[in-house]
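# Summary of structural features
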Amino acid sequence: MKLEGTADFRYEPQDVWTALHDVDILVRTIPGCKSMEPDDEGGYVVAVSLGVAAIKGDYEGKVRVTDVDFPHHYVLDGEGAGTPGYINMKVDCYLDTVVDGTLMRWSCDAEVGGLIAGIGGRVMTGISKYMAKQFFKALNDEMKNLFEEKKTKSAEG
Amino acid sequence: MVDKQKIHLTVNGTAYDREIEPRTLLSDFIRHHLDLTGTHVGCEHGICGSCTILMDGLPVRSCLTFALQAEGKAIETIESLDKNGELSPLQNAFWENQGLQCGFCTPGILMSMKAFLEDNPKPARDEIREALSGNLCRCTGYHDIVDSVVAAAEAALSSGTAKA
Amino acid sequence: MKPANFEYFRATSIDHACELLSAHADDAKILAGGQSLIAAMNYRLARPQVLIDISNIDNPSQITDETDGVRIKATTTQAIAEHDPVVRERLPMLVDALEHIAHFQIRNKGTVGGSIVNADPASELPAMSLLLDAEYEIQSKSNRHVMAAEDFFITYMTTALQSDEVLVSILFKEPPKNCGWALHEVARRAGDYALVGSAAIIALDDGGKCVHVRVVLFGVASTPVRAKAVEELLVGQVCSDELFEEAAKRVSEVVDAESDVHVTDEYRGNVAEVLTVRSLVDALNRAQTAS
């Protein structure tokens, strides 16, 4: 399954990068994320619990960031499994400077197996897009808190 | 193995208490547990209308109802229409106007039309056709069924009662 | 064609249903009217381990007249909503849509909330929710919140409702007074799911300019869709058949139709455009008569 999309941010690429690599922020913004702990291999162990009907269940997996070119490009490698099935994915992320902030372009190549593979490509695509939308909306809200608070504080100081 | 559950309901005026598997459809409960085989089962997904019965006076698909959902309710089936072998005016109208051929769809059509005529005692032919759209008949071409419903409505009105 | 077995619980209230759902969330499904669920279970396309039946919840005041619209409890049958005097007075377009749902025997059992949660992209009530800016009241054991209909539908038969949540009520907002509306469907048989459907609302100001417009399509994508690009072209304009034809070309921006055993995707796209024009023309006529 291949998916791609874009997301707009009103902040500089290095700020977006910071947010996208902040474990606390990720735990709060990844839909259904319960925890994210560093492992021995420079990656993270992630636990996710999803409630949307067709894919509901608890998943555990590993993610790792590779091909880093700060703050322009990275690749997110992930694998996860749970009662409803398993997923292996590679997400290619580009952060480009645009007039009013950053444009993120992402493309995802995913292999899905087990029960969830029976859902069908179109439904999976719909659910994935929905989850991406939720993630980027939550991320934008987090960044607003993070950076606008900082700005207010430095203006005061 | 799922435990059986108790059910209490009234069918054609008689109260029944039974124990059934939760998955028992109301259509199968009526046919297999109560031996009332006048209710026919055609498509088993709500399209054909053969299994239509009245639940608390409203026509519903008994194949799209679990028997347990009818707990405490009053069910009427095709067996409730005649009185000691004497056809009801609605049944009689179908008899006289050849509103049936093989008869498979007829129980569902009669139960649907009984409720329909109580709501709308003087229906136009178009309204009858619309009301019949939820019952499939593969023999008659519907024309004689519409005639039968018109005749039933007229008979009910001339006898001074809206009851079909 | 018999359902697989399941454990059955009869909920006595929405709170009770939420308790049961929280205890069985991973395996349970809510049974309301069952007019889609039981059919799917008869085919064993659905095999829930546990059913929580909310169809017999004692439910007074199912339909309430509120300032900005009409609130309908999710367990209200489609037939009750269709014949309710408040709904008929304030939301005649909803009555039109309800009359298009299957047949009267199905509407006697099928519920307003069930049709929405089932989220068939070709069904009427999800589309009417978008047309009437509906808000859904959602409850779980520990939480209660309101979600806009436009955030609710994810894809085919899939909604943002979490596995421990129940849809409690729907607030359909009343459009501006003196608006006109129309609904058009193409289906294989009266009462079948629409191959393509379209609905529109138009309200005019004193000068005859369009001040409020909604255009919604169903059966043409993985969810019902609002054609905002069409609406944008009409707001502030004096409407005409030519303008409608021009605007309706923009439905292609939201149409993402699939071919199936009935018709091709191209057919769906063409019919979506034609039905959009018809809905807009009829809505305008009604608006002009009303004002």
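Calculation notes
- Residues numbered from 1 in each chain as written.
- Chains lettered and ligands numbered in written order.
- Predicted model: local features only at pLDDT ≥ 70, side-chain atom pairs only at ≥ 80, totals over all residues.
- Heavy atoms only, no water.
- Pairing = 2+ DSSP bridges.
- Helix = DSSP H or I, 4+ residues; strand = E, 2+ residues; numbered from the N terminus.
- Buried < 20%, exposed > 50% of the residue type's maximum accessible area, 1.4 Å probe, protein only.
- Contact = heavy atoms within 4.5 Å.
- Buried area = accessible area lost by both parts, 1.4 Å probe.
- Salt bridge = Lys/Arg side-chain N within 4 Å of Asp/Glu carboxyl O.
- pLDDT = per-residue confidence, 0-100.
- Patch = residues over 30% accessible without salt bridge, like charges linked within 9 Å, V, L, I, M, F, W, Y side chains within 5 Å.
- Areas by Shrake-Rupley, 256 points an atom, 1.4 Å probe, with all protein chains shown as cover.
- Phe/Tyr/Trp six-rings, centres within 6.5 Å; stacked < 30°, edge-to-face > 60°.
- Lys NZ or Arg CZ within 6 Å of the ring centre and 35° of its normal.
- Polar contact = N/O pair within 3.5 Å; in protein donor to acceptor, adjacent residues only side chain to side chain.
- Core = buried A, V, L, I, M, F, W, Y, C linked by side-chain atoms within 4.5 Å.
- Domains from an automatic or database assignment.
- Nonpolar A, V, L, I, M, F, W, Y, C, P; charged D, E, K, R; others polar.
- Expected span 1.5 Å × (residues − 1).

Moving on, we come to the sheet that holds strand 12 (residues 196–204) of chain C. All names here are of chain C. Across the sheet, 4 strands lie side by side as 11-12-13-14; this open sheet has antiparallel pairing. Only two strands of the sheet have a single partner each, and these edge strands are strand 11 (180–186) and strand 14 (225–226). When strand 12 meets strand 13 (residues 210–218), the two strands line up antiparallel, connected through 8 bridges. The residue bridging G197 from the neighbouring strand is F218, located in strand 13.

Residue and element names in this part refer to chain C. Extensive coverage of strand 13 is indicated by the burial of 8 of its 9 residues. Hairpin remark: strand 12 followed by strand 13, antiparallel, with 5 residues in the connecting loop; positive phi at G208, about 85°. Sheet analysis places strand 13 next to strand 14, joined by 2 bridges and oriented antiparallel. In the strand pairing of strand 14, L217 is matched with V225. Between strand 13 and strand 14, which follow one another and run antiparallel, lie 6 residues, and G219 among them has a positive phi close to 85°.

Opposite the 33 residues of chain B that make contact, chain C presents 32 residues. Here chain B and chain C share an interface that buries about 2,700 Å² over both sides, 55% of which is from carbon and sulfur atoms. The largest per-residue losses of area from chain B upon contact with chain C belong to R23, L64 and Q69 of chain B, which jointly make up 24% of the total buried on that side. Summed over the shared surface of chain B and chain C, the result is 2 salt bridges.

Attention shifts here to the confidence of the model for chain C. Model confidence for chain C is summarised by a mean pLDDT of 95, while 100% of its residues fall at 70 or above. Per the prediction output, this complex has pTM 0.91; the corresponding ipTM is 0.95.

We now examine a nonpolar patch on the surface. Together, V65, V68 and F70 of chain A make up a nonpolar patch on the protein surface, roughly 260 Å² of accessible area in all. Looking at the element boundaries, V65 of chain A is found in strand 4 (residues 57–69).

With that out of the way, let us pick up the pairing of strand 3 (residues 44–50) of chain A. Residue and element names in this part refer to chain A. Pairing between strand 2 (residues 33–38) and strand 3: 5 bridges, direction antiparallel. Note on strand 3: the bridge partner recorded for C33 is V48. Two successive antiparallel strands, strand 2 and strand 3, enclose a turn made up of 5 residues, where G42 displays a positive phi of approximately 85°. Across 7 bridges, the pairing between strand 3 and strand 4 is antiparallel.

So, about the packing of aromatic side chains. Residues and elements named next belong to chain C. For the structure shown, the criterion picks out 9 aromatic pairs over all chains. Consider the rings of F152 and F153, whose centres lie 5.2 Å apart with planes at 90°: the pair is edge-to-face. R286 extends its terminal NZ or CZ atom over the ring of W181, reaching a point 3.7 Å from the ring centre.

Moving on, we get to the environment of N118 of chain C. Residue and element names in this part refer to chain C. Inspection of the secondary structure assignment puts N118 in helix 7 (residues 112–118). It is 23 Å that separates the C-alpha atoms of N118 and S142, two residues lying 24 residues apart in sequence. Beyond its immediate chain neighbours, meaning those up to four positions away, N118 contacts S36, M157 and Y193. At a separation of 3.5 Å, a polar atom in the side chain of N118 contacts the side chain of S36.

Counting 82 residues, the largest nonpolar core has M104 of chain A together with L94, I116, Y136 and F172 of chain C as its most contacted members. Take this core: its biggest share by element is 10 residues, from helix 3 (residues 121–156) of chain A. Summarising the domain contributions, this core has at least three residues from each of domain 2 (63–173) and domain 3 (180–290) of chain C. The contact partners of M104 of chain A, leaving out residues within four places of it in the chain, are G5, T6, A7, F9, L20, Y74, C93, Y94, L95 and F136 of chain A. Of all hydrophobic cores here, the second largest spans 32 residues; its members include L9 of chain B together with M41, A46 and I106 of chain C.

Of the residues lining the interface, 8 residues belong to chain A; the matching set on chain C comes to 16 residues. Taking both partners together, chain A and chain C bury about 1,100 Å²; carbon and sulfur atoms supply 53% of that area. When residues of chain A are sorted by the area they lose upon contact with chain C, K56, R122 and Y130 of chain A head the list and together hold 53% of the total. On the surface where chain A and chain C come into contact, there are 2 salt bridges. Put simply, D256 of chain C and R122 of chain A hold a salt bridge, and the shortest N to O gap is 3.1 Å. On inspection of chain A and its partner chain C, the count reaches 5 residue pairs in polar contact (both at pLDDT 80 or more). For the side of chain A that touches chain C, the class distribution of residues is 4 nonpolar, 2 polar and 2 charged.

Attention now moves to helix 5 (residues 143–158) of chain B. The periodicity of an α-helix, 3.6 residues per turn, causes residues three or four positions apart to be oriented the same way. Spanning 16 residues, helix 5 of chain B covers 23 Å between terminal C-alpha atoms, matching the ideal 22 Å at 1.5 Å per step. Looking at the buried residues of helix 5 of chain B, the elements they touch are helix 2 (89–96), helix 3 (106–119) and helix 4 (125–131) of chain B.

Another point: helix 5 (residues 92–99) of chain C. In terms of burial, helix 5 of chain C is a largely internal element, 6 of the 8 residues being buried. The complete set of buried residues in helix 5 of chain C reads M93, L94, V95, D96, A97 and L98 of chain C.

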